[in-house]
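Single-letter residue listing:
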Amino acid sequence: MDVLTDKVDPRRVASRKMHDTRGRLSAIKDRIMGGAAHTGQISRAKTSSAAHQVAAAGSQARETVGTLQQKQREGTQGSPLAAGLIAFGLGALISSLLPPSEPERRAAGQAKGKVTEHSEEIKQQLNSAAHQMQDNLRQPAQDAADAVKDRAASGASAVREQGQSATGELRGQAAEAKENIRRQ
């Protein structure tokens with residue numbers, strides 16, 4: 001278990017990658033420059049730059065491993081549905097970039113011909129269904145409109161009656177107030 005943990009530890013992975021990359025860079029440098037004795041200021045600068053790039057790659061690898069471990073903890077790692085969707089998306093993208101082959105062109109032409117051939121029939125069926133739906137909905141729509149009209153009329157009548165009642169009460173209160181003022 002410890003060996004496995006050691007192998008997937010982000011710091012150790014990055015350290016191993018950095019060590020390997022430094023070894024490769026050193027070997028390449030020795031082949032090009034002829035060994036450590038011929039190393040000058042320029043090669044040190046290039047090596048330093050490469051070391052910085054390797055350090056950046058190690059940091060990026062650490063982040064990637066950390067992200068993968070986080071996803072594994074969340075349970076999203078290894079999802080066959082996600083993998084299938086990604087593969088499908090990549091396939092669709094790649095196929096859209098490639099020009100169609102001759103059999104594909106012929107099949108598309110045949111499909112277009114059949115659709116064109118049957119388009120008038122389909123259009124008539126759709127129009128028929130739309131008219132039938134319109135006829136079926138006409139009466140319920142009329143009933144709903146009548147119900148709204150009746151409710152509006154009864155609401156207006158209730159408001160009128162309340163207004164007349166309030167007007168009568170206000171007249172009575174005004175008459176009382178007038179009488180009270182006269183008495184004083």
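Residues numbered from 1 in each chain as written. Predicted model: local features only at pLDDT ≥ 70, side-chain atom pairs only at ≥ 80, totals over all residues. Heavy atoms only, no water.

1. Quick notes on the overall build of the protein
Right, on to step 1. Summing up its helical and strand segments, the protein has 5 helices and 0 strands in all.
Right, on to step 2. Mapped from its N terminus to its C terminus, the protein presents α and β elements in the order α-α-α-α-α.
Right, on to step 3. Accessible surface computed for the protein: about 15700 Å², of which carbon and sulfur atoms make up 58%. (Helix = DSSP H or I, 4+ residues; strand = E, 2+ residues; numbered from the N terminus. Areas by Shrake-Rupley, 256 points an atom, 1.4 Å probe, with all protein chains shown as cover.)

2. Some details on the confidence of the model for the protein
Right, on to step 1. Counting all residues, the mean pLDDT for the protein is 75, and 73% of those residues have values of 70 or more.
Right, on to step 2. For the protein, per-element mean pLDDT is lowest for helix 3 (residues 41–74), which scores 59, and highest for helix 5 (residues 102–183), which scores 85. (pLDDT = per-residue confidence, 0-100.)

3. Here we look at the pattern of salt bridges
Right, on to step 1. A complete count under the given rule lists 3 salt bridges for this structure.
Right, on to step 2. Residue D135 pairs with R138 through a salt bridge whose shortest N-O separation is 3.5 Å. Residue D135 and its partner R138 are located together in helix 5, separated by 3 residues, close to a single helical turn.
Right, on to step 3. Overlapping salt bridges bring together E102, R105 and R106 as one network. (Salt bridge = Lys/Arg side-chain N within 4 Å of Asp/Glu carboxyl O.)

4. Brief notes about a nonpolar patch on the surface
Right, on to step 1. Taken together, the side chains of I86, L90, L93, I94, L97 and L98 define a hydrophobic patch exposed on the protein surface, amounting to about 630 Å² of accessible area.
Right, on to step 2. Tracing the backbone through its elements, the reader meets L93 in helix 4 (residues 80–97).
Right, on to step 3. By relative accessible area, L93 is classed as partly exposed at 47%. (Patch = residues over 30% accessible without salt bridge, like charges linked within 9 Å, V, L, I, M, F, W, Y side chains within 5 Å. Buried < 20%, exposed > 50% of the residue type's maximum accessible area, 1.4 Å probe, protein only.)

5. Some thoughts on a positive patch on the surface
Right, on to step 1. A cluster of basic residues, K7, R16, K17 and R24, forms a positive patch on the protein surface.
Right, on to step 2. Ranked by residue count, the leading element in the positive patch is helix 2 (residues 10–33), at 3 residues.
Right, on to step 3. Structurally, R16 is set in helix 2. (Lys, Arg positive; Asp, Glu negative; His and termini not counted. Charge placed at Lys NZ, Arg CZ, Asp CG, Glu CD.)

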